[in-house]
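The residues making up each chain are set out below.
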Amino acid sequence: MPPLHELGFQYQPIVSLSEPEAIWVEALVRWHLLDGTVRGPLQVLPHWLSEQRQDVFTRFSIERVAATLAEHDDVSVSVNLSPAQVTHPQTLASLEGLLPDVRQRLRIELTEQRFGDARRLWNSLAALRERCGALLLDDVTERDAADRIPSADLIDGVKVDRSVTGGLADGSRRRELERFVRELGERFPVVVIEGVEDPALCDGLRELGATHVQGFGIGHPRPDPVPPLYEPRLPEVEAATAKAVRLHLGALLLAEGDSDLHL
């Protein structure tokens, strides 16, 4: 089982589709073995989110992310918490121990696990929202949105599951999912589309009302929270650059321009 001292986080960027904004990343737990191997959450979370250990892991996660926030004063970091973690008394205690500036740049993503006591969950979320910068629902789909989104104005935003992102390319479901994303955009100020593998999708997602994107096409997880090499209109920028390169090379091949290459 992974010992706590071998755990750490990598940070994946979450990028705005409109105006440039301060760096926002999601903290993703990793198990760094002594032999240099790095393992993902499937090897970590089943052990550390058990009832006997989740309070220790929650405190560890919040404190580790808080240290990153203290080191980078222009960064906001999301951390995933399950309903069981949110309702544990240790979670609020850990947040209250942070400096106010650090708390305001900490964003909580509530994961999708079911929790039997809905009133207790939402009371805990309300208390948590007073102690952090933002509260989002993680991995929202069109099938579970009605059950997971409360009627109260408590949630700052949603992260749309990668299954929806994939379905937007499926002709049989595209209109249904486009309508779903538009409805989310009308309701929430923050709508993050997860699992974006191709930056060419970004312009279309913006038109649907999405505000942010995340995925390997935007930026890979890294040990430090650094800004990704991404622009909101990246496909057009790349196309213009490629055209310029082709024109320049064409001029060289036709001997229409000066060249520093000597054969």
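Summarised in this report is the structure supplied together with it. (Residues numbered from 1 in each chain as written. Predicted model: local features only at pLDDT ≥ 70, side-chain atom pairs only at ≥ 80, totals over all residues. Heavy atoms only, no water.)

We now examine the environment of Gln90. With respect to the element layout, Gln90 can be found in helix α4 (residues 89-96). Residue classification places Gln90 among the partly exposed residues on the basis of a relative accessible area of 22%. Between the C-alpha atom of Gln90 and that of Val56, which follows or precedes it by 34 residues, the distance is 8.6 Å. (Helix = DSSP H or I, 4+ residues; strand = E, 2+ residues; numbered from the N terminus. Buried < 20%, exposed > 50% of the residue type's maximum accessible area, 1.4 Å probe, protein only.)

Turning to the nonpolar core, a few remarks are in order. Ile193, Leu205 and Val213 are the most contacted members of the largest nonpolar core, which totals 59 residues. Here this core takes six residues from helix α2 (residues 54-71), the largest share from any one element. Those residues within four positions of Leu205 in sequence are excluded, and the remaining contacts are Leu17, Leu168, Ile193, Val196, Ala210 and Val213. Trp24, Ala134, Leu136 and Val190 belong to the second largest nonpolar core, which has six residues in total. (Core = buried A, V, L, I, M, F, W, Y, C linked by side-chain atoms within 4.5 Å. Contact = heavy atoms within 4.5 Å.)

This brings us to the pattern of salt bridges. Per the counting criterion, the structure on display carries 11 salt bridges. Put simply, Glu142 and Arg173 hold a salt bridge, and the shortest N to O gap is 2.3 Å. On the criterion of sequence distance, the pair formed by Glu142 in the loop between β7 (134-140) and α7 (145-148) and Arg173 in the loop between α8 (162-167) and α9 (174-187) is long-range, its members being 31 residues apart. A salt bridge links Arg148 to Asp144, with the nearest nitrogen and oxygen atoms 3.8 Å apart. In this structure, Arg148 and Asp144 share a single accessibility class: buried. One salt-bridge network, in which partners are shared between bridges, spans Glu26, Glu109, Lys159 and Glu194. (Salt bridge = Lys/Arg side-chain N within 4 Å of Asp/Glu carboxyl O.)

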